[in-house]
Amino acid sequence: MTRPPHQHVEVRSAYADSVALLQVSRTVAALPGVAAAQVAMATPLNLDVLAGMGFEVPDDAGPNDMVVALRLVDGDPTTLEAAVAGVDAALRALRSARPAAAGAQAPPRTTASALRGADPGDPVLVSVPGASAAVEAADALAAGHDVMIFSDNVPLEHEVALKRAAAERGLLVMGPDCGTAVLDGVGLGFANVTRPGPVGVVAASGTGCQQLLALLDHAGVGVSWALGVGGRDLGRAVGGLATREALRRLDADPGVERIVLVSKPPDDEVAAALASYAATLGTPVQLALLGPGLPDLTAVAEQVLADLGVPVPQWPVAGEVHREVRGELLVGLFAGGTLAQETELLCRQAGVPHEVVDLGDDELTHGRAHPMIDPTLRLERLVGALEHPHTGVVQVDVVLGHGADPDPAATLVPALAEAARPVVVSLVGTAADPQDLLAQRTALARVAEVHLSNAGATRRAIGLLTGGAR
Amino acid sequence: MRAVTVGADLLGDALEAQAVGVQRVDWRPPMPGTEDDLATVVLDPLRADADARAVQAVLDTTAVLVDVLPAAEAIGLERGQFLHAGPPLTWERASGPMRGALMGAAALEGLVDDPDDAPALFESGAATFEPCHHHAAVGPMAGVVAPSMWMFVLEDPVTGRRTHCTLNEGLGKVLRYGAYSPEVLTRLRWMGDVLGPLLQGAVRAVRDGQGPVDVSGVLTQMLQMGDEAHNRNRAGTLMLLRDLAPALVAGTERGSSAADVAEVLRFVGGNDHFFLNLAMPACKLALDAARGTEGSAMVVAMARNGTDFGIQVAGTGDEWFTGPAQVADGLFLGDYGPDDANPDIGDSAITETAGIGGFAMATAPAIVRLVGGTVPDALATTRRMHEITLAEHPRWAVPVLDFQGTPTGIDVTRVCRTGVLPQINTGMAGRVAGTGQVGAGLVTPPAEVFPAALARLARLSRERASGA
C-alpha cells in the first residue's frame, strides 16, 4: 500500500550559517524516506525558496529563526520521526565539530572578546551576513588587527568608514567583495595553494587574483602575498584606501620583487592617484586594470613572467568540444566576477552576442552561500541555458582552492554530460590545491574543453561561434 | 600565525587544514532589527574613544564615607516630598510594595496617622515622589526616602561629588519591601532617633581623626572574601563595623548612652545587608562620573520601580529607556511562591551596572543557592558578563578566576549583538502592599530597553554626522 506524501515544517529559535545549513539540508535530503529537505534561516530569500518548493512557513518566522522543512515520501509517523532525528543529528554534528565547545569555557561571542589577549599580528576573518560584518570588523580594528571581510552585501558606507578608521591606524581592511587573500603563504577565504615566491599581488578582484596565482604557479613562479582589497576599493567612494596600504606593505617586504595590482575597471581619478603613488615605491608595480583595450589577465601574467625573466609556458588545455554549435549566443555562467567581466570584455571586443552572468553578484547571494561553495544556482541556470534555442556555446568557470567546493566536478560533470551544446571550462587552480587539479581536469575533460586560462577559454568559445579554428 | 574567524565555519576549517590555529567566534544574529543601528553606533568616529573615557572615569572614581545626615539636610528633601527607586512613576502605575513603602513613609513623616490614609495624598499630588537617581541618591527595593530618614554621604575625594543612600533596615518586614506595620515604623523611628545620630558622631569622629572610611577599599576586600556586594555583604558590614566601633564606643564620652551604643553595634553587626547601602552609592558615584559622555554606549544606571525597568546610558544624557520589570527566578521564603512576588524593584542593580553583584557572582559561591544557582553557574555568569562589558575592574579581583577583574561597563552595542542580558541578583518583594520580602533570585532587564537605547544613540550619531 502506498501512502500519500507528507510535508513537515517547523520553526526553531536557533542559528547556523548558510553554508553549514546547506550541508545539513544535503545530509537530511539523502535520508531514506525524505523526498526533499530544506533547513535554512528564515531570511526573505530563503522564504521565497521554501515557498517555491511548496512549503508553507508560518508568518511569524523571522530571519533569526531556523526553518526545518521536509517533504517525506509518505505520512508514516516513524518516517517523520527518523527524518527529524536526522536533522537533529546533523545540527549536533555541526556543533561537536567545533573544538571550543568541548572546553569548560564558553566560546567568545564577539570578535572583541575573541581578541582579548591575541597577538596583534593575528588576522581576523569576517564572514557573517553583510549587514553585521562592519560591527565585527570594527572590533578587529579597535584591537589593532588587520581584517578580511569575506561577507557579501556589505553597505558601501560601512566599507568607507572602516577603511578610513584603518588608514588612521596603519591597518589593512581586505575585502569586502574580494574573497581571496594569501598572507605569507597562508590562504584566507577562497585561496589557491601557492609556492613561496617573489610576487606580491594586490587584488580588488578575488577570482582575478586566483587566475594570476594559477597561471604564475603553472609557470613555476610563487606568490607569497596576495592582499585582496575589495572590488570597490578602486571606486570613487573608497578611493583606494586599502590598495594604498597594501602597496605600502608589499613595498616594505624585501622578499617581494614585483607587485601586481589587479582590479575590475577602476575610477579614473583613483587609478591615476594610485599610479603616481606606485611610482614612488621601490618595488616595480605592474597595473592590471581590466578595461576595453587593456590586456587580459593572462596577458598580465605573461608580462610578469617576462619581467622576471621566466619563459612563458603553453597554457594547458584538456578535452575537446563534442557538440555542434546551433545558436549564435555565448552563455557564460561564472562563479567568479572578474572572470565573468574578462569574458564579457573579450566578447564585446569580438562583437559576439553574449549573455554573461556573475552568479557571485551580491544580488544573487542574499542569504545564501557563494556559488563557489553552493552549486545549486548555477545548475539551475545551466539547465535553462542548455534548453534555450539561441545558446551556441556555454562557458563556465571552476575555481579551486581552500574554501571552495571540495569536488565541483562531481555535480558539474553529470549536468554537462546532458548538454546538447559545446561547453568550454575555465579551470582555475594550482597543482597543490586540495581538490586535486589533475583529477578535476580529467573529470571535466570528459564532457568539455578545459582551459587554465580564462581568456584562452573565452577566445576558444568565440572561435567556435564565429567558425574560427582553435 | 593564528586567526580569529567569525561567520562561516567552512573558512575556519580551511585555515585549520593549513595548520593555522583558529579562534572561532560563536556568532549569532543580533537582536532583531538592530543591524543598521549597530553599524551606525559602532562606526561612529566618537565611539571608541568615548567608551574608553566613560569606563575609565568609572574605574578612576573612589568613594569615602564623609557624613551621615537626615535627607532634609543631605539632599534638601522637604516635607511632603519623597524619593523612590527606579525610573519616574505615577501613583496609578505604582506596584504594591512601592505604594506600601510610600504609605509607611508618609506615616513616618506624620503626614497621616494611619498609613492606609496616605494614598489620597499621593493621588491628589499633596505628597510627591521622584526617582532617587534624580537627586544624587540610590535606594534599595522600593528605595523610598523621606526627609527625616538619615542617609550615608559618600564623596569622591578627587572631585568632591557626593552620592547618598538611606540606612539599611534589615530583612523581613521592612519598609523597602513595602511593609508598613507598626513594628516597621517603630524600627524606622529608632533608626532616626538613635542609629542615625550615633552613626553621624562616629563617622565624623573617624573622618576628622584617622580619615574617612574608605568605602572603595572595603569593597575591594569584601569581594575577595566571598561577598558580591549585592545579595551578600557580610564581610563588608563587619569591616565597616570594625572601622566605626571604636568611635561608636567613644561616643559615650560625647553623651551617647552605653545601652544605645550596644544596640547600634548589635543592629549593624546582626544585619548582613548593612553595607549594601554603602556599596550602592559608591557604585553610583563611579557611574555618574561617566554620565553625559557624548558618543558612549555604556550603561550608567539600571533601576526598577516595581513596574518598569529602566536604563540610562552615558551618551544619551538623563533619558530613561524602559520596559516592563520582570519577576525574578529564585527561591521563596516560607510558603510564598511565584504568584506572591512583585516584579523586580530597586536601584540596587547599580551594583551590577558597576561590575559587582550578579557580575561578580564567581566570587560569592556561598550565596549561589540563595539566588537559585550552582557554583559552575556562578563562574559561567561572571565570564558571560565579560562578553557585554568594556573593561575588567582593576580593583575588583576574583580569586577563583585567577584574580581576573570583574566585568565593568555594560556596552549597549554588545548586549544587542549577543543577546546576552545583564544578570542581576535581587530580592523579591511581595506583590501586595504591606507584605515585605518573599524571596530572592536572579533577574534580567526586559530585552527591549537595549535596542531602544541603541536606536537613540544611532539617531544622535546620524545627527552628528549630518551636522559635521
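None of these values were measured; they are calculated from a predicted model. In every chain, residue numbers begin from 1 and rise along the written sequence. Going through the entries in the order they are written, you letter the chains from A and number the ligands from 1. Totals for whole chains, interfaces and linings use all residues, but because this is a predicted model, local features are given only for residues with pLDDT of at least 70 and pairs of side-chain atoms are given and counted only at 80 or more. The side-chain quantities take in all heavy atoms of the structure and omit both hydrogens and water.

Peer 1: Before we go on, may I ask you to explain the interface of chain A and chain B in this structure?
Peer 2: Interfaces are often sized by the accessible area lost when the parts come together. Listed per partner, the contact involves 45 residues of chain A and 40 residues of chain B. In short, buried area is how much 1.4 Å probe accessible area vanishes from two parts on joining, totalled over both. Of the roughly 4100 Å² buried between chain A and chain B, counting both surfaces, carbon and sulfur atoms make up 61%. By definition here, a salt bridge exists when the distance from a side-chain nitrogen of Lys or Arg to a carboxyl oxygen of Asp or Glu is within 4 Å. In this structure, the connection of chain A to chain B is made through 2 salt bridges. Across the pair Arg417 of chain B and Glu136 of chain A runs a salt bridge, and its minimum N-O distance is 3.0 Å. By definition, residues are in contact when any of their heavy atoms lie within 4.5 Å.

Peer 1: Is there a simple way to explain the domain arrangement of chain A in this structure?
Peer 2: Here the domain parsing of chain A yields domain 1 (7–97), domain 2 (111–308) and domain 3 (317–466). The C-alpha centroid of domain 3 of chain A is placed 30 Å from the C-alpha centroid of domain 1 of chain A. Where a domain begins and ends is set by an automatic assignment or by a domain database.

Peer 1: Quick question: what am I supposed to make of the sheet that holds strand E3 (residues 64–70) of chain B here?
Peer 2: The pairing of strands in a sheet happens through backbone hydrogen bonds and is either parallel or antiparallel. Residue and element names in this part refer to chain B. Strands qualify as paired when DSSP identifies two bridges or more between them. Strands here mean DSSP runs of E at least two residues long; helices mean DSSP runs of H or I at least four residues long; both are numbered from the N terminus. Taken together, 4 strands build an open sheet; the order of strands is E7-E6-E3-E8 and the sheet is antiparallel. The strands lining the two open edges of the sheet, one partner per strand, are strand E7 (162–166) and strand E8 (213–214). With 5 bridges joining them, strand E6 (residues 150–155) and E7 adopt antiparallel strand pairing. Within E7, the residue paired with Phe152 across the bridge is Cys165.

Peer 1: What exactly am I supposed to notice about the sheet that holds strand E16 (residues 391–399) of chain A here?
Peer 2: Residue and element names in this part refer to chain A. The mixed open sheet is built from 6 strands, whose spatial order is E13-E18-E17-E16-E14-E15. With partners counted over all chains shown, the strands left at the sheet margins are strand E13 (317–318) and strand E15 (354–358), one partner each. Taken together, the 6 bridges between E16 and strand E17 (residues 423–428) define a ladder with parallel strand orientation. Along E17, the bridge assignment pairs Val398 with Leu427. Each axis is a line fitted through C-alpha atoms, and for a helix only the stretch in contact is used; angles between axes span 0 to 180 degrees, taken between their N-to-C directions. Along the sheet face, helix H15 (residues 437–445) touches E13, E16, E17 and strand E18 (449–451) and points at about 175° away from the line of E17.

Peer 1: I'm lost on the nonpolar core in this one. Help?
Peer 2: Nonpolar side chains in soluble globular proteins tend to be buried together. Counting residues in hydrophobic clusters, the biggest one holds 94 residues, and the most contacted among them are Leu65, Phe82, Phe122, Phe152, Leu195, Leu219 and Phe275 of chain B. Take this core: its biggest share by element is 12 residues, from helix H7 (residues 182–208) of chain B. When sequence neighbours within four positions are dropped, the list of residues in contact with Leu195 of chain B reads Leu167, Trp190, Val264, Phe267, Val268 and Phe274 of chain B. Nonpolar core, defined: a set of buried Ala, Val, Leu, Ile, Met, Phe, Trp, Tyr and Cys residues in which side-chain atoms within 4.5 Å join the residues together. Burial classes follow relative accessibility: with a 1.4 Å probe on protein chains only, a residue under 20% of its type's maximum area counts as buried, one over 50% as exposed, and anything between as partly exposed. Grouped together as the second largest cluster of nonpolar side chains are 74 residues, Leu172, Val199, Ala335 and Leu339 of chain A included.

Peer 1: Please explain empty space enclosed by the protein as it appears in this structure.
Peer 2: Rolled over the atoms, a probe with the dimensions of a water molecule shows which regions are left empty. Residue and element names in this part refer to chain A. Whether a set of points on the 1 Å grid over the protein atoms alone is a cavity depends on a 1.4 Å probe fitting there but being unable to get out, while an open set qualifies as a pocket with protein on both sides within 12 Å along at least five of seven lines; lining residues are those with an atom within 4 Å of a point. Grid points are joined across faces, edges and corners, and a volume is the space filled by probe spheres set on the points. Overall, the coordinates contain 7 cavities of 30 Å³ or more when judged by the stated rule. In this structure, the largest cavity occupies an estimated 130 Å³ of space. Of all the elements in the fold, those that place two or more residues in the lining of the largest cavity are E16 and helix H14 (408–417). In this classification, the charged set is Asp, Glu, Lys and Arg, the nonpolar set is Ala, Val, Leu, Ile, Met, Phe, Trp, Tyr, Cys and Pro, and all remaining amino acids, among them Gly, are polar. When the residues that make up the lining of the largest cavity are grouped by side-chain class, the tally is 8 nonpolar, 1 polar and 3 charged.

Peer 1: How should the confidence of the model for chain A be read in this particular structure?
Peer 2: Atom-level detail of predicted coordinates should not be read off regions where pLDDT is low. Confidence of the predictor at the level of single residues is captured by pLDDT, which takes values from 0 to 100. Of the residues in chain A, 96% have a pLDDT of 70 or more, and the chain-wide mean is 90. pLDDT under 50 marks residues 98–103 of chain A. Its contacts with residues more than four places away, or in other chains, come to 6 contacts.

Peer 1: Looking at this structure, I do not really get the side chain of Ser127 of chain A. What am I missing?
Peer 2: Positionally, Ser127 of chain A belongs in the loop between strand E4 (124–126) and helix H5 (130–142). From its side chain, Ser127 of chain A meets the backbone nitrogen of Ala8 of chain B in a polar contact 2.7 Å long. If we skip the residues at most four places from it in the chain, Ser127 of chain A touches Phe150 and Ser151 of chain A together with Val6, Gly7, Ala8 and Leu11 of chain B. Here a polar contact is recorded for every N or O atom pair within 3.5 Å, except that within protein the pair must consist of a potential hydrogen donor and a potential acceptor, and residues adjacent in sequence are included only if both atoms are side-chain atoms.

Peer 1: What am I meant to see in helix H8 (residues 215–223) of chain B here?
Peer 2: For the α-helix, the turn length of 3.6 residues means that residues three or four positions removed from each other point alike. All names here are of chain B. A large share of H8 lies buried, amounting to 7 of its 9 residues. For H8, the set of buried residues is Val215, Ser216, Gly217, Val218, Leu219, Met222 and Leu223. Buried residues along H8 sit against E3, E6, E8, helix H9 (234–250), helix H11 (276–288) and strand E14 (389–398). Sitting at the amino-terminal end of H8 is Asp214, which places a side-chain oxygen 3.3 Å from the backbone nitrogen of Ser216.

Peer 1: Please clarify how the pattern of salt bridges should be interpreted in this entry.
Peer 2: When their charged atoms lie close together, side chains carrying opposite charge are able to pair. Summed over all chains, the structure comprises 45 salt bridges over all chains. For the salt bridge of Asp139 of chain A with Arg417 of chain B, the shortest nitrogen-to-oxygen distance reads 2.6 Å. One end of the pair, Asp139 of chain A, is in helix H5; the other, Arg417 of chain B, is in helix H14 (residues 412–418), on a second chain. Just as Asp139 of chain A is buried, Arg417 of chain B falls in that class too. A salt bridge links Arg258 of chain A to Asp307 of chain A, with the shortest nitrogen-to-oxygen separation between them at 3.4 Å.

Peer 1: Please clarify how the domain arrangement of chain B should be interpreted in this entry.
Peer 2: According to the domain assignment, chain B contains domain 1 (1–30), domain 2 (34–58 + 289–467) and domain 3 (62–279). Relative to domain 2 of chain B, the C-alpha centre of domain 1 of chain B lies at a distance of 30 Å.

Peer 1: Just to check I follow, could you spell out unusual backbone geometry for this structure?
Peer 2: With the exception of glycine, the majority of residues adopt a negative phi angle, and the majority of peptide bonds are in the trans configuration. Between Gly175 of chain A and Pro176 of chain A the backbone carries a cis peptide bond, its omega angle lying at -5°. Mapped onto the fold, Pro176 of chain A is located in the loop between strand E6 (173–174) and strand E7 (180–183). Residue Ala229 of chain B is not a glycine yet carries a positive backbone phi of 70°. Within the secondary structure, Ala229 of chain B sits in the loop between H8 and H9.

Peer 1: What is the right way to look at the environment of Arg176 of chain B in this model?
Peer 2: Residue and element names in this part refer to chain B. Assignment of secondary structure puts Arg176 in the loop between E7 and H7. As a C-alpha pair, Arg176 and Gln437 span 261 residues in sequence and 8.9 Å in three-dimensional space. If we skip the residues at most four places from it in the chain, Arg176 touches Pro140, Met141, Ala142, Asn168, Glu169, Gly170 and Leu171.

Peer 1: Help me understand the state of the cysteines, please; the structure alone is not making it clear to me.
Peer 2: Disulfide: a covalent bond connecting the sulfur atoms of a pair of cysteines. What counts as a disulfide here is a pair of cysteine sulfur atoms lying within 2.5 Å. Per the counting criterion, the structure on display carries 0 disulfides over all chains. Not engaged in a disulfide, the cysteine Cys132 of chain B finds its nearest cysteine sulfur in Cys165 of chain B; these two sulfurs lie 7.7 Å apart.

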